[in-house]
Amino acid sequence: MKHSGKLMAALAAAGLMVLFGAGAALCAEQTRDSISVTGYASQESEPDMAVVSLSLTEYGKTAADTRAALASRIDKLNKYIASLRIAAKDVKTSGYELAPNYEMVREKRVQKGYAASAVFTVTVRNMAGLGAVIDGSAEKCSAMINDVSFGLQNREEIERSLLAAAVEDAKGRAAAVASAGGRRLGALISASIGSAGAAPQPRMMKGFAGDAMNAAAAPATQLSPGVIKVAVSMSLVFELANR
């Protein structure tokens, strides 16, 4: 029993030493002189892709007739988009609806047949063909152009290339502060990547639809996408050392 008691006392003492050591290390980590700083880097690039939102709407007396009429227009639109050498993977159906169509008659809600609509998202990777997508979809397929947005196909590559510049920016800021305070930068303690983003871009007016009667006289649609500013940030913590 005496030996057992001595063993328990020794284990308890060892545990206290471990806890004390861990606490001391944590305290040292918390009280270590350090500086936290955020660095930034950005780059402006011309858009090399566009995303066009198109929609088709059809009305009919019966659900079957309305659905069939819309299906015919969808087929025509898909064939036209394919003729522009846009890959099938870049054409996405983002919405579809077939429902009764109601109107107010003498303050009463009366069904007037059915309405069907479909929404498509077309990714245009060749900017030279953007006008043909917009004009042809509206004029030849009677599609509504809901929205056009611009982007970069290699945005992730640009963001990665900016990380090193953001680190150098943060390091320069930290070094300037340390030097002003009579210190110098020590080892890098931690680093974290901030959120990347792009500045909003000009967009064409929503709700554009082609007029077949004026199609011959109207010039081709030309948009001005401007530039896209890609920005990244890095948050770094450096140890401060004496000179």
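Keep in mind that this is a model prediction, so the values were computed, not measured. (Residues numbered from 1 in each chain as written. Predicted model: local features only at pLDDT ≥ 70, side-chain atom pairs only at ≥ 80, totals over all residues. Heavy atoms only, no water.)

Caption draft 1: Seen up close, the environment of Asp169. Mapped onto the secondary structure, Asp169 falls in helix H4 (residues 155-180). According to the relative accessible area criterion, Asp169 is partly exposed, its value standing at 24%. For Asp169 and Ala41, which are 128 residues apart along the polypeptide, the C-alpha to C-alpha distance reads 7.5 Å. When residues no more than four places from it in sequence are discounted, the contact partners of Asp169 are Thr38, Gly39 and Tyr40. (Helix = DSSP H or I, 4+ residues; strand = E, 2+ residues; numbered from the N terminus. Buried < 20%, exposed > 50% of the residue type's maximum accessible area, 1.4 Å probe, protein only. Contact = heavy atoms within 4.5 Å.)

Caption draft 2: Focus on the pattern of salt bridges. Tallied over the entire structure, the rule returns 7 salt bridges. Asp90 is the salt-bridge partner of Lys89, the closest N and O atoms lying 3.5 Å from each other. Note on Asp90: relative accessible area 7%, which makes it buried. We note a salt bridge from Arg173 to Asp169, for which the minimum N-O separation is 2.9 Å. (Salt bridge = Lys/Arg side-chain N within 4 Å of Asp/Glu carboxyl O.)

Caption draft 3: Just the nonpolar core, in detail. Val52, Leu130 and Val148 are the most contacted members of the largest nonpolar core, which totals 24 residues. Ranked by size, the runner-up nonpolar core spans 18 residues in total, among them Leu152, Ala174, Ile228 and Phe238. (Core = buried A, V, L, I, M, F, W, Y, C linked by side-chain atoms within 4.5 Å.)

Caption draft 4: Fine view of the packing of aromatic side chains. A complete count under the given rule lists 0 aromatic pairs for this structure. Here Arg109 stacks its cationic end above the ring of Tyr102, 3.8 Å away from the centre of that ring. (Phe/Tyr/Trp six-rings, centres within 6.5 Å; stacked < 30°, edge-to-face > 60°. Lys NZ or Arg CZ within 6 Å of the ring centre and 35° of its normal.)

Caption draft 5: Summary view of the side chain of Ser45. Positionally, Ser45 belongs in strand S1 (residues 34-45). Residue classification places Ser45 among the buried residues on the basis of a relative accessible area of 12%. Side chain to side chain, Ser45 and Gln43 meet in a polar contact 3.2 Å long. Apart from residues lying up to four places away in sequence, Ser45 is in contact with Leu152, Ile158, Val227 and Ile228. (Polar contact = N/O pair within 3.5 Å; in protein donor to acceptor, adjacent residues only side chain to side chain.)

Structural measurements only, silent on function.
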